[in-house]
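Results of the structural survey
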Amino acid sequence: MSQKTPRNFFKPLAIGAPEPMRDLPVKIERMIHFVPPHLDKVRAKVPDMAPKVDVILANLEDAIPADAKDAARAGAIEMANMYDWQGKGTGFWSRVNPLNSPWFQDDVSELVLKAGHQLDVIMLPKVEGPWDIHFADQYVAQLEAKAGLTRPILFHAILETAQGMSLVEEIALASPRMQGISLGPADLAADRKMKTTRVGGGHPFYRVLEDPHADGSERASVQQDLWHYTIARMVDACRMAGINAFYGPFGDISDLDACEQQFRNAFLLGCAGAWSLHPNQIDIAKRVFSPDPDEVKFARRILEAMPDGTGVAMLDGKMQDDATWKQAKVIADLADLVAAKDPDLAAAYNN
Ligand SMILES: CC(=O)SCCNC(=O)CCNC(=O)[C@H](O)C(C)(C)COP(=O)(O)OP(=O)(O)OC[C@H]1O[C@@H](n2cnc3c(N)ncnc32)[C@H](O)[C@@H]1OP(=O)(O)O
Ligand SMILES: O=CC(=O)O
Ligand SMILES: [Mg+2]
């Protein structure tokens, strides 16, 4: 047998570690905002930014120079104590260095021992298979026990290797700590030997050409989504495991329209949020990952038309039944969650 028995799956992995969660906390996580914690100037903005975003992440991995890893770790611990994350409801996460790096052990031990009371989620990069999650799971349980934590810290894996991709279902199911998975399009592209230098988004060479015209006139061609298959498979794996899928980074900070479109495609396919790398991506994620007010109104009409969720009804010429009731419930529940955090959207949903 290669899996734990059902009874053992939810047992703490170390004596004194908190009980694993059976259900994830219901939270709005439209953007995971990346902060480089070694930069004093950016770190100082955290208390002001925290109420305006859903999640702030102290990044210790890629984009942090090797000679600033210790400073970034110290900055992340400072960030944990700069705001009342647990009391005020903004998520506080950290992306640690990979398991095979010289920094992983210190990243995790210092975060859990010195900041574990505020830390919601550890983001694990370059996860190759369930064995990576199992190792981190055991290690974090020992540290949680040592720190006397009463709330378990959750895990978020980045899908950014071909092997991780091929084992995404097993990764999603590896531990009750699993909160979600993000697409890591930059590392994944490199590992797959995709021929792109972009961080996510489309590519002008990846397109479909229409059939030739009899008169020889120019054939239209349309750019396609390089990430469709990957995102769809990630969403299936996550939802099968009862966790959330996230689009990762969109690296062209200056192309707000393309960022918005990529985020929107991910939202429609089932993702809960995306990363924001720069302040100008925060409002895009907020807009895209909050349901559209007209969709919310229509969803609520479906729920009202079928109070017990069964049968058939016609609304504006469109057939509704038990399945569309469930679709409507997804949108209406998300709207309620967003409205509880965002007074402007609450007003738009209730107009
Ligand atoms: C493939 C992957 O792994 S993706 C994840 C790893 N990458 C990251 O985490 C990158 C995070 N983002 C950043 O480091 C920066 O946004 C950069 C380097 C991309 C661009 O930074 P800059 O050149 O400073 O951008 P810009 O000049 O437009 O910044 C405008 C303001 O926003 C601030 N700012 C920029 N990024 C951030 C951020 N992520 N959080 C908070 N503030 C930020 C800048 O400090 C600047 O502040 P100021 O007006 O007080 O001087
Ligand atoms: O870490 C993210 C990526 O795209 O790589
Ligand atoms: Mg990466």
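A quick note: this is a predicted structure, and the numbers were derived from the prediction, not measured.

Before going further, it helps to spend a moment on the site of ligand 1. Around ligand 1, the surrounding shell holds 16 residues, and the nearest of these are Phe-34, Ala-63, Ala-186, Pro-249 and His-278. Contributing elements (two or more residues each) for the shell around ligand 1: strand 1 (31-35) and helix 2 (40-43). In the shell around ligand 1, the residues fall into eleven nonpolar, two polar and three charged.

Moving on, we come to the domain arrangement of the chain. Reports often express the size of an interface as the amount of accessible area lost when the parts come together. On domain assignment, one finds that the chain holds domain 1 (6-289) and domain 2 (295-350). Its C-alpha centre places domain 1 at a distance of 29 Å from the equivalent point of domain 2.

Before going further, it helps to spend a moment on the UniProt feature "binding site: substrate" (unreviewed entry) in the chain. Feature annotation in UniProt places "binding site: substrate" (unreviewed entry) on Arg-95 and Glu-160, given in this structure's numbering. These annotated residues cover 66 residues of sequence, and their C-alpha atoms all fall within 13.8 Å of one another, placing them together at a single site. Take Arg-95: it is sitting in strand 3 (residues 91-95). Those residues in contact with Arg-95 that lie beyond four places of it in its chain are Leu-57, Asn-59, Leu-60, Glu-61, Met-123 and Pro-125. Relative to the helices and strands, Glu-160 is located in the loop between strand 5 (154-159) and helix 8 (162-166). If near-sequence neighbours (up to four positions away) are discounted, Glu-160 is found in contact with Pro-125, Lys-126, Gly-184, Asp-187, Leu-188 and Asp-191.

Reading guide: rules and limits
- Residues numbered from 1 in each chain as written.
- Chains lettered and ligands numbered in written order.
- Predicted model: local features only at pLDDT ≥ 70, side-chain atom pairs only at ≥ 80, totals over all residues.
- Near = placed C-beta within 6 Å.
- Helix = DSSP H or I, 4+ residues; strand = E, 2+ residues; numbered from the N terminus.
- Nonpolar A, V, L, I, M, F, W, Y, C, P; charged D, E, K, R; others polar.
- Domains from an automatic or database assignment.
- UniProt positions renumbered as here; feature names shortened; annotations may be inferred.
- Contact = placed C-beta atoms within 7 Å.

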